[in-house]
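A structural walkthrough
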Amino acid sequence: MAEHDNPQHDSGRAPDAEAWDFAAIQEKWTPVWEELDPFAAGRPGDTRPRKYVLDMFPYPSGDLHMGHAEAFGFGDIVARYWRQQGFDVLHPIGWDSFGLPAENAAIKRGVDPREWTYANIAQQKASFKTYAPSFDWSRELHTSDPEYYKWNQWLFLELFKRGIAYRKEGLVNWCPNDQTVLANEQVVDGHCERCGFVVEKKSLTQWYFRVTDYADRLLDDLNQLEGNWPSKVVAMQRNWIGRSAGADVEFEIEGRDARVSVFTTRPDTLYGATFMVVAPDSDLAAELVSGASAEVRMRFQDYLEKTQAETEIDRLNSERPKTGVFLERYAVNPVNGERLPIWAADYVLADYGHGAIMAVPAHDQRDLDFARAFDLPVRVVVDTNAPVTGVIPVIHFDEDGEPILPEDAGLTNPKETGVALTGVGRVINSGPLDGLSKPNAIRRAVEHLEARGLGRAAKNYRLRDWLISRQRYWGTPIPIVHCPDCGEVAVPSEQLPVRLPDAAGLDLKPKGTSPLGAAEDWINVACPQCGGPAKRDSDTMDTFVDSSWYYLRFLNANDDDRAFDPAAAEKWAPVDQYVGGVEHAILHLLYSRFITKVLFDAGYLGFTEPFTSLLNQGMVLMDGSKMSKSKGNLVEFASELSAHGTDALRVTLAFAGPPEDDIDWADVSPTGSAKFLARAWRISGEVTSSPDVEWKGGDAALRRATHRLLADAPGLLEQFKFNVVVARLMELVNLTRKTIDSGPGAGDPAVREASEVTAMILNLFAPYTAEDMWSRLGYEPTVALVQWRKADPALLVEEQVTAIVQVNGKVRDRLEVSPKVSADELERLARGSEAALRSVGDGEIIKVVVRAPKLVNLIVR
RNA sequence: GCUCCCGUAGCCCAAUCGGCAGAGGCAGGCGGCUUAAACCCGCCAGAGUCUGGGUUCGAAUCCCAGCGGGAGCACCA
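Residues numbered from 1 in each chain as written. Chains lettered and ligands numbered in written order. Predicted model: local features only at pLDDT ≥ 70, side-chain atom pairs only at ≥ 80, totals over all residues. Heavy atoms only, no water.

Remarks on the overall build of chain A
The condition is simple: Elements are defined by DSSP. Helices are runs of H or I of four residues or more, strands are runs of E of two residues or more, and each kind is numbered from the N terminus. Accessible area is worked out with a 1.4 Å probe on protein chains only. A residue is then buried under 20% of its type maximum, exposed over 50%, and partly exposed in between. Only heavy atoms matter for contacts: two residues are in contact if any of them lie within 4.5 Å across the pair. Note that accessible areas follow from Shrake-Rupley with a 1.4 Å probe, and for residues the cover is restricted to the protein chains shown. Here Asp and Glu are counted as negative and Lys and Arg as positive; His is not counted, and neither are the chain ends. All charge positions are set by atom: Lys at NZ, Arg at CZ, Asp at CG, Glu at CD.
When helices and strands are counted, chain A shows 29 helices and 36 strands. Dimensions of chain A along its principal axes, counting C-alpha atoms only, are 110 × 95 × 50 Å. In chain A, which comprises 861 residues, the share counted as buried stands at 55%. Of the contacts made within chain A by residues no fewer than 6 positions apart, 73% connect residues no fewer than 24 positions apart. Just so you have it, chain A exposes about 37,200 Å², and 50% of that area is on carbon and sulfur atoms. With 93 positive and 126 negative side-chain charges, chain A shows a separation of 3 Å between the mean positions of the two kinds.

Put into structure tokens, the structure is as follows:
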């Protein structure tokens, strides 16, 4: 009997010699893998097909935390999987090592930001290595190395050459704490994304990338990504770009030669315009008010100052009452010649559209709120009660422009109710547009305007150009020299990189201008064009520039001659699988997509989207909320690692649920994972058959289970259902245990086969345990390079399947049938089922639904 | 306010095409092992799928409405 062959299990307990000791196993295999170096990609002569699996590279904060463990765990599962599927997998790692935290730490503790950063990297790298990610370390890069940022500067100059990088003065987001500007994308609810301070507005001359030129492509190419990116991220990007279609309409201004354009999405309501609003901080407002009375000019000046003092927060509060100043000027409605008073109000933004709008208070809530606040006329021009087809009611107006509503129309008067009529309906009281539906009226209105040269169809975007200047030290210097005679001059490529001056002797404390400006030796330079005295640009680049193209640098991370090799890009890029947090859904991903399109246009790349497929991992929570020191619910990765080991943590994170879901650490059980790994591992030591055993005679049920898993796992893994694969592995291990204890025993070939397959698949989740199992089963390392076993189709077919017999949709009987049973035969069997017939009773079978070999449904009346 | 996602056992989660609601784990109960406990081994129990309609021979799955939770956007004309 099996128990007697293996006296260790007589008592049902594992003796100490057979204990799964994760620490010993980790120690044993780490140096072996180091020696074997199995994860280097792109070896010369390798003809395997390629995959590029990339994790978003980390900012080197010093230590790994649970979020890293999760994200890099998922990326590693994918990388290891494709390797076992026969691909040459590129899975690199690097460091997003420029940025504010280094500088702030440096200020606080007086250490050099460079030293601080590189010490962190060394520490974090060591943590990484114990986590057994299958990285190709030979391609490791640091964005703060001159060898990297040289090419960041090259990229900047490529954009500069093409007019995509440009300098302009404008109102920018200013963080008073970090003392630097922020991109729109870095302002969250009016607060600095990084430090949480309330963001202010400031007028500065800054460098921008013309991402708005790419708005249409960034939007339209999202269609390519649909299905392979989380729909949430695609939606967020669409939202952020915020394209809206409408028309530009030109209004004459009394006492002014040039007309004023406004953008509207509702040209169908042009006849309902009763006033015009301009942004107080626009040039237009300043010009228009200059012709007004002294009193109005003063009130305007007052209002303008208040507007500019407002923080983004105040402005975001849509609840607050509408304010504004009448400018004593009038516009002329191009469709009916009516005089429209012009107001300045802060609910109109200077940098969207033309900074001016036509107000249609009856059909726009904001305009209505304003009209009610200042008692301006409201004119209904869309009957939102009218059916899309049918009779068209005509509404008449009294001498004040108030609608005289027919009693039975049921239309409410927006001026009274305060509710704008924004629904669809029929255009009324609009001359030639009367009776048209919204889309037809829009089309007709645009045609009329175009015919008379007073307007045209137009699009607008929420997206703004990307502000990339930062007034801080620890970043890539902008490779531009400002010459009093030649203006902005690009640093010649042979002078790149423009190296950061030493931090020693520089005051890094934020003071609103870049610390680099104080580096006298560095800032003063001869103009590359005329040789005269000139100054370097003292700002550094937003670190999102660094990360916008780093995926290309990995292809030839050590190449001194170019940023990246187009031939290598042809071979490896775009990235097949990108893995990272949803916090980058807009920022990094949008910028990276943008830069990729620029490089495509410049002829360097043959593709326009950098990341073919995207997986966002969820967050790791504790007791339902984000972990943080202040909440006292921090789960330290390092202590979990020493308590449970790498493998148990990796399994726990993979098994917790779908990868994109948040994981609450209170709901999961690393001890449970460890127990499972120990079970799997023990079995590998109990196997008594030798590696060359014939599988054929093995236990049929266990073999079928093994091969079903081999057949199902690839599909599950490719859908990122890691949790299901782990569950299926647990199932297989349980069945193997049962086969050993109460079946044919540990010597059965099926037990060896199951254990080998367990080790092979476990390589994805628990590389140390898998390697040790592989060794115990009599093989050489490394299991990481073992190719995926093909499921034997003969073992997948069942001899008998269970067909269910339903009566009116309710299960009444089960039949054991051949999987190849014909529909007729199955129906005959079902009609003979006693249980079914009992349920049919006196009823008449009026219909039979047969889905061989799974079910028969008898419909009885 | 607008848009999107999600509601399955005490808890975390499964369930190819619409076809027997349960794969797995945690917690729980019982038994074995143990002087005892932990570990380990075995067994057991537990929901009719948020609510209400609809489509269908048949709905956790599709459609509509509501409730609950989460996320994103938000004075963008």
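A closer look at the sheet that holds strand β26 (residues 533-536)
Where we set the bar: In this scheme, strands are said to pair when DSSP sees at least two bridges between them. What counts as an axis is a line fitted to C-alpha atoms, over the stretch in contact for a helix, and the angles between N-to-C directions run from 0 to 180 degrees.
Spatially, 4 strands are ordered β24-β23-β26-β25 in an open sheet, and the strand pairing comes out antiparallel. A single partner strand is all that each edge strand has here, and the edge strands are β24 (487-490) and β25 (524-526). Neighbour-to-neighbour, the strand axes of this sheet turn through a mean angle of 40°, independent of strand direction.

Remarks on unusual backbone geometry
Following L496, the chain continues to P497 via a peptide bond in cis, the omega torsion being 0°. Inspection of the secondary structure assignment puts P497 in the loop between β24 and α16 (520-523). Of note, D375 is a non-glycine position whose phi angle comes to about 55°, a positive value. Tracing the chain through its elements places D375 in the loop between α13 (365-374) and β16 (382-383). On the basis of relative accessible area, D375 is assigned to the exposed category, the value being 58%. Residue N808 is not a glycine yet carries a positive backbone phi of 50°. Mapped onto the elements, N808 comes out in the loop between β33 (801-807) and β34 (810-817). The exposure class of N808 is partly exposed, given its relative accessible area of 43%.

Section: the nonpolar core
Worth spelling out the cut-off: We define the nonpolar core as a collection of buried residues of types Ala, Val, Leu, Ile, Met, Phe, Trp, Tyr and Cys that are connected through side-chain atoms lying within 4.5 Å of one another.
With 93 residues, the main nonpolar core has F156, W466, L552 and F594 as its most contacted residues. When residues in this core are grouped by element, the largest group, 9 residues, is from helix α6 (residues 146-161). Leave out the neighbours within four places in its chain, and L552 touches F564, A569, A573, L599, L605 and F607. Counting 63 residues, the second largest nonpolar core, distinct from the first, contains A79, A680, L729 and F765.

A look at the environment of A215
One can find A215 in helix α7 (residues 215-220). Measuring from C-alpha to C-alpha, the distance between A215 and R243 comes to 8.0 Å, with 28 residues separating the pair along the chain. Once you skip the residues sitting within four places of it in the chain, A215 turns out to touch I241, Y461 and L463.

Quick look at the confidence of the model for chain A
What counts, and what does not: pLDDT is defined as a per-residue confidence score from the predictor, taking values between 0 and 100.
Model confidence for chain A is summarised by a mean pLDDT of 88, while 94% of its residues fall at 70 or above. For chain A, the element scoring lowest by mean pLDDT is helix α1 (residues 2-5), at 32; helix α18 (residues 550-553) scores highest, at 98. Low pLDDT, under 50, characterises residues 1-17; the predicted model gives this stretch 12 contacts beyond four residues in sequence or across chains. Low pLDDT (under 50) marks residues 389-393, which in the prediction has 8 contacts with non-local residues, meaning those over four places away or in another chain.

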